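Summary of structural features
Chain by chain, the residues run as shown.
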Amino acid sequence: MGKDIREDISWAKINTDVLKSLESPRPLYWVIVGVALLMFLGGVSLEAYQYRQGMGVANLNNPHVWGLFIATFIFWIGMSHSGTLLSAILHLMHADWRKPIYRFAEAMTTFSLMTAGLFVMVHLGRLWQFYYSLPYPNERGLWPNFQSPLLWDAMAIFTYLSSSVIFLFIGMIPDLAICRDHLHPGWRKKLYTVLALGWEGTDRQWRNFRVTYLTVACYLIPLAVSVHSIVASDFAMSQQPGWHVTSFPPYFVAGALYSGCAAIITLFIILRYVFKFEEYMTLPILKKTARLTFAIAMVWTYLNAIEFASVWYSHDQASKDVLIQKATGPYAFAWWGMIICGSVVPLALAFKKVQTNIPMLFSVSLLLNLGMWLERWMIVAPTFSHGYYPWTWDHDQWPSFVQWGMVFASFGWFTLLFMIFCKVFPSVSMYEVKEMVYHRSLASKMGGKGGH
Amino acid sequence: MSYYDWSVLTVSFLVVLSLSLGGVALTATLHLVGARWQCEIRPLAKSLFALLPLAFVLLLVLLAGGSHTFPWLGHLGSDVHMPGWYTMPLLAAREIIGLLFMGYLCSVYLKRQEVADRSEADKESFHNVATWIPFFYVLYGTMVSWDFEMTLMPSWHSAIYGLQNIISNFGMFLSFLVVWVFFLNAGGKLRANVKDHIPNYIAQMLFAFTLLWVYTFFAQYLTIWYGNLPDETDRIYAMQDGNYTFLWWSMIFLKFVIPFVTLCFPGPRHSLSAINFVAVCIIIGTLFERFNWVAGMDGKGTLPLLAVVVVGGAVATIGFHLVRSAMRKNQILKV
């Protein structure tokens, strides 16, 4: 396998190639945007329908009060961990191969959170009441319950969203200045001029930039872990069968990193083709991402296994019944789908041939994300359909077309935002790629490989 | 001997086992992530593996101890699930087979490591074994933590327990390693001293494991506290508020407060004395933690000081001689 990036690539070429992506993508870009827009508009229509007709059309009723909306909400929150993983964690670990691909992962974080937030509102049904669900005290005569994980959830997600946007923006400032200096006058130039905040690349600016970026990265890691741990608390803090599990917080975090990694592979392959980034999003980097995904998949599998083993060992019959029902009841196809897609399919990533086979990796990454979406559904739905009370056991639990449509549309909404971002802002970090090329060529001249 | 005295032996086994397998797990993981400083600590990790026979003997003694080691033996209530899983023959079989298997796997790993640079085929073969080490280390560690700690009280269970235990023990191993390296370097015992930057790398890992430990600890504690189910809270409150309350709060202080406050600053992460101070705190905190989980189930135990001195002293002395002779055999020590 070759090098992560060519060492003789000139800085001017990096600028040219990345800036070209803002102007002339392949035609497939417009096809993706068109399809995503149609999916999103379908979702808007369904929301309008649900708004007019009431929540009954979503088939959300006792005992199945959460359904696909909350399952998909968790899925998108999980997806948001990709940016933190690639940008913050790998940044602190000095893994420089992340440099060409971290920008779009950060964008994924922001747009995933925005997509997740929509599901809270969709699930609420009565949109005009959303204001009252915001947890702040309190001139409205409402006193939020600070012991409720749902309240922690709202605070954590808002904090994470704002921090992720700041992190994304800070990391882009030097690149925005390059865009400002190289593009022709027009609305884009005006936009970049404003957003570049007068960046000139002085020593002082670079020093302040480095410190700020590192500080936000350090802050973002515990925040990201806490966000998904708190989402796990929505379930684990309850006494519902199948939910009161002590491993849920790390299980949710591992699942989040897992789905984030899988999505990075999917979007890596798409961007590589659409924006002609073959020189930057290289196969060795794809290989490393695939290996990372494999490692996280094994952690997720382990956490799954100890959850099942613990439930099996315990004398909590209700939890055991839920587990048996998952494997043999009406959700069996989804539960086994989760196991196969989440634990068996990633074994393919252990093979070197798969790690660099783009069509194969693309298929595997889609299957992994299908598995991770099924996982979230399998956390939410079976407990409702097999609770402590027998009256919960014989209710129709199949989600209506409105729920399915919303899930489908959320992918459209996310894709639309993401693709627009990639067309307006550089999705490859120019200055970091230049640093990477410089350090690699320096190490090469000195005869070493760098690293520790 | 009371159960509390016997618990010292259980803790000794768990500590010796963690030290013997920790080195192999660390070097295998460093190899897989391409960290080149693995070469610096390979010989030490290999020497620590010499503790495995001692762990095996301790295991046999503990199994022979029967209900001294496993208080549920012969007292399983009708409400306990899987009584077949918790019978002496099956327990002994899985523990003995598990330890022998880990011993075999680690031996193969160490042998292939020695000849890894001989050819591409050897390198590939070593890499393949190294890939399996973390998997089995975690699975085996989970089994041991379930059998020797979690299920000592059959009505109590926690899915995260195995993971938390592995993280805690591995943190202790890293602490031991850094202190050991310090003494070996300071005493000029080694043919080639371990390089000065290695303690800094280990300190960074210690910081990460401190955070992981407190995260898994808190995830378990919060879930149980919030659920407020007597089956779950009884054991925790017994450890926290019972006769071993001092151990409980010391554990949190030694394993989280001191390491976190010290290692979150770059300065102490580069200071040998600060790193060693933190490492000693973590080792003591882990010993308290292991003992409290084993002996503090009902919160009514006594502090078995004599057993600590006798059993701990004997195990430490035997372990010291085993490791020293392994170091001589591996030609790490100056003659």
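Since we're looking at a predicted model, the values are computed, not measured. (Residues numbered from 1 in each chain as written. Chains lettered and ligands numbered in written order. Predicted model: local features only at pLDDT ≥ 70, side-chain atom pairs only at ≥ 80, totals over all residues. Heavy atoms only, no water.)

**Section: the overall build of chain B**
Across its full length, chain B carries 12 helices and 0 strands. Tracing chain B from N to C terminus, the helices and strands come up as α-α-α-α-α-α-α-α-α-α-α-α. Across its three principal directions, the C-alpha atoms of chain B cover 60 × 45 × 35 Å. Looking at the 335 residues of chain B, the share that counts as buried comes to 58%. Pairs at least 24 residues apart make up 81% of the contacts formed inside chain B by residues separated by at least 6 positions. On chain B, roughly 14100 Å² of surface is accessible, and the fraction owed to carbon and sulfur atoms is 70%. Side-chain charges of chain B comprise 20 positive and 18 negative groups, with the mean position of each set lying 15 Å from the other. (Helix = DSSP H or I, 4+ residues; strand = E, 2+ residues; numbered from the N terminus. Buried < 20%, exposed > 50% of the residue type's maximum accessible area, 1.4 Å probe, protein only. Contact = heavy atoms within 4.5 Å. Areas by Shrake-Rupley, 256 points an atom, 1.4 Å probe, with all protein chains shown as cover. Lys, Arg positive; Asp, Glu negative; His and termini not counted. Charge placed at Lys NZ, Arg CZ, Asp CG, Glu CD.)

**Details of the overall build of chain A**
Check the secondary structure of chain A and you find 17 helices and 0 strands. A compact globule built from 452 residues would reach a C-alpha radius of gyration of about 22 Å, and chain A, at 23 Å, matches this within 12%. Judged by the C-alpha coordinates and their principal axes, chain A covers about 70 × 50 × 40 Å. Looking at chain A as a whole, 59% of its 452 residues are labelled buried. Put simply, 81% of the contacts in chain A that link residues at least 6 apart link residues at least 24 apart. Split by element, the accessible area of chain A, about 18700 Å² in all, is 69% carbon and sulfur. (Rg over C-alpha atoms; globule rule 2.2 N^0.38 Å.)

**Quick word on empty space enclosed by the protein**
Residues and elements named next belong to chain B. Tallied over the full model, the rule gives 7 cavities of 30 Å³ or more. Estimates place the volume of the largest cavity at around 150 Å³. Of all elements in the fold, only α1 (3–32), α5 (120–148) and α6 (161–186) reach the threshold of two or more residues within the lining of the largest cavity. Across the lining of the largest cavity, the residue classes break down as 7 nonpolar, 5 polar and no charged. (1 Å grid on protein atoms, 1.4 Å probe; cavity = no way out; pocket = protein on both sides within 12 Å on 5 of 7 lines; lining within 4 Å. Points joined across faces, edges and corners; volume = space filled by probe spheres on them. Nonpolar A, V, L, I, M, F, W, Y, C, P; charged D, E, K, R; others polar.)

**What about the interface of chain B and chain A?**
Chain B puts 40 residues into the contact, and the matching count from chain A is 34 residues. Carbon and sulfur atoms make up 64% of the area that chain B and chain A hide from each other, which totals about 3000 Å². At the junction of chain B with chain A, the criterion picks out 1 salt bridge. A salt bridge links Glu124(B) to Lys352(A), with the shortest nitrogen-to-oxygen separation between them at 3.7 Å. Remark: the boundary between chain B and chain A carries 11 residue pairs in polar contact (both at pLDDT 80 or more). It is helix α7 (residues 198–227) of chain B that contributes the most residues to the side of chain B that touches chain A, 9 residues altogether. By residue class, the composition of the side of chain B that touches chain A is 23 nonpolar, 12 polar and 5 charged. (Buried area = accessible area lost by both parts, 1.4 Å probe. Salt bridge = Lys/Arg side-chain N within 4 Å of Asp/Glu carboxyl O. Polar contact = N/O pair within 3.5 Å; in protein donor to acceptor, adjacent residues only side chain to side chain.)

**Here we look at the packing of aromatic side chains**
For the structure on display, the rule yields 75 aromatic pairs over all chains. Here Trp373(A) and Trp404(A) contribute two aromatic rings whose centre-to-centre distance is 5.8 Å and whose plane-to-plane angle is 45°, an arrangement assigned as tilted. Of the two residues, Trp373(A) sits in helix α15 (residues 358–385) while Trp404(A) sits in helix α16 (residues 401–424), which places them 31 residues apart along the sequence. According to the relative accessible area criterion, Trp373(A) is buried, its value standing at 8%. A residue is classified by how much of its surface remains accessible, and Trp404(A), at 29% relative accessible area, is partly exposed. For the ring pair Tyr244(B) and Phe291(B), a centre distance of 5.2 Å and an interplane angle of 70° mean the geometry is edge-to-face. You can see Tyr244(B) sitting in the loop between α8 (230–241) and α9 (245–263) and its partner Phe291(B) sitting in helix α11 (residues 272–295), a full 47 residues away along the chain. Using a relative accessible area of 1% as the deciding quantity, one classes Tyr244(B) as buried. (Phe/Tyr/Trp six-rings, centres within 6.5 Å; stacked < 30°, edge-to-face > 60°.)

**A word on the side chain of Ser229(A)**
With respect to the element layout, Ser229(A) can be found in helix α9 (residues 203–236). In this structure the side chain of Ser229(A) is engaged in a polar contact, spanning 2.6 Å, whose partner is the side chain of Tyr215(B). If near-sequence neighbours (up to four positions away) are discounted, Ser229(A) is found in contact with Pro249(A), Val253(A) and Tyr215(B).

**Describing the packing of helix α11 (residues 283–313) of chain A against helix α13 (residues 332–344) of chain A**
Residues and elements named next belong to chain A. Here α11 crosses α13 at 145°, and the two axes come no closer than 9 Å. Of the residues in α13, those in contact with Ala297, Met298, Trp300, Thr301, Asn304 and Phe308 of α11 are Trp335, Met338, Ile339, Gly342 and Ser343. Partitioning the contact of α11 with α13 into residue classes produces 7 nonpolar, 4 polar and no charged. (Axes fitted to C-alpha atoms, helices over the stretch in contact; angles between N-to-C directions.)

**Considerations on unusual backbone geometry**
The phi angle of most residues is negative, glycine excepted, and most peptide bonds adopt the trans form. All names here are of chain A. Of note, the bond from Asn62 into Pro63 is cis; its omega dihedral lies within 30 degrees of zero at 0°. Its location among the elements puts Pro63 in the loop between α2 (27–53) and α3 (67–79). Positive phi is not limited to glycine here, since Leu197 has a value of about 55°. Position of Leu197 among the secondary structure elements: in the loop between α8 (187–195) and α9. For Leu197, a relative accessible area of 57% puts it in the exposed group.

**Notes on the layout of surface pockets**
All names here are of chain B. In this structure, the second largest pocket encloses a volume near 1100 Å³. What lines the second largest pocket is a set of 35 residues, among which Val15, Phe176, Leu287, Gly312 and Ala316 lie closest to the centre. Among the secondary structure elements, those contributing two or more residues to the lining of the second largest pocket are α1, α6, α11 and α12 (305–329). No other element matches α12, which puts 10 residues into the lining of the second largest pocket. Counted by class, the lining of the second largest pocket contains 30 nonpolar, 3 polar and 2 charged residues.

**Things to note about the nonpolar core**
In terms of nonpolar packing, the biggest core is built from 264 residues, with Phe104(A), Phe248(A), Trp377(A), Phe418(A) and Phe13(B) touching the most fellow members. Beyond its immediate chain neighbours, meaning those up to four positions away, Trp377(A) contacts Leu68(A), Ala71(A), Tyr331(A), Phe333(A), Ala334(A), Pro382(A), Trp398(A), Pro399(A) and Trp404(A). (Core = buried A, V, L, I, M, F, W, Y, C linked by side-chain atoms within 4.5 Å.)

**Remarks on the side chain of His244(A)**
Within the secondary structure, His244(A) is located in the loop between α9 and α10 (248–274). Among the polar contacts made by the side chain of His244(A), one reaches the main-chain carbonyl oxygen of Ala236(A) at a distance of 2.9 Å. Reaching out from His244(A), the side chain makes a polar contact with the side chain of Glu232(B) at a distance of 2.7 Å. Beyond its immediate sequence surroundings of up to four residues, His244(A) is in contact with Phe235(A), Ala236(A), Ser238(A), Gln239(A), Thr223(B), Gly227(B), Leu229(B) and Glu232(B).

**Section: the state of the cysteines**
Following the criterion strictly, the structure yields 0 disulfides over all chains and no others. A disulfide-free cysteine, Cys422(A) has its sulfur positioned 13 Å from the sulfur of Cys179(A), the nearest such atom. The buried category is assigned to Cys422(A), whose relative accessible area is 0%. Its sulfur unpaired, Cys281(B) is 15 Å from the next cysteine sulfur, which belongs to Cys264(B). With relative accessibility at 7%, the residue Cys281(B) sits in the buried group. (Disulfide = S-S within 2.5 Å.)

**As for the pattern of salt bridges**
Residues and elements named next belong to chain B. If you walk through the whole model with that rule in mind, you get 21 salt bridges over all chains. As a salt-bridge pair, Lys46 and Glu114 come within 2.1 Å of each other at their nearest N and O atoms. Here the residue Lys46 occupies a position in helix α2 (residues 38–48), and Glu114 occupies one in helix α4 (residues 88–114), the gap between them amounting to 68 residues. We classify Lys46 as partly exposed; its relative accessible area is 22%. Across the pair Arg118 and Asp122 runs a salt bridge, and its minimum N-O distance is 2.8 Å. The class for Asp122 is buried, based on a relative accessible area of 17%.

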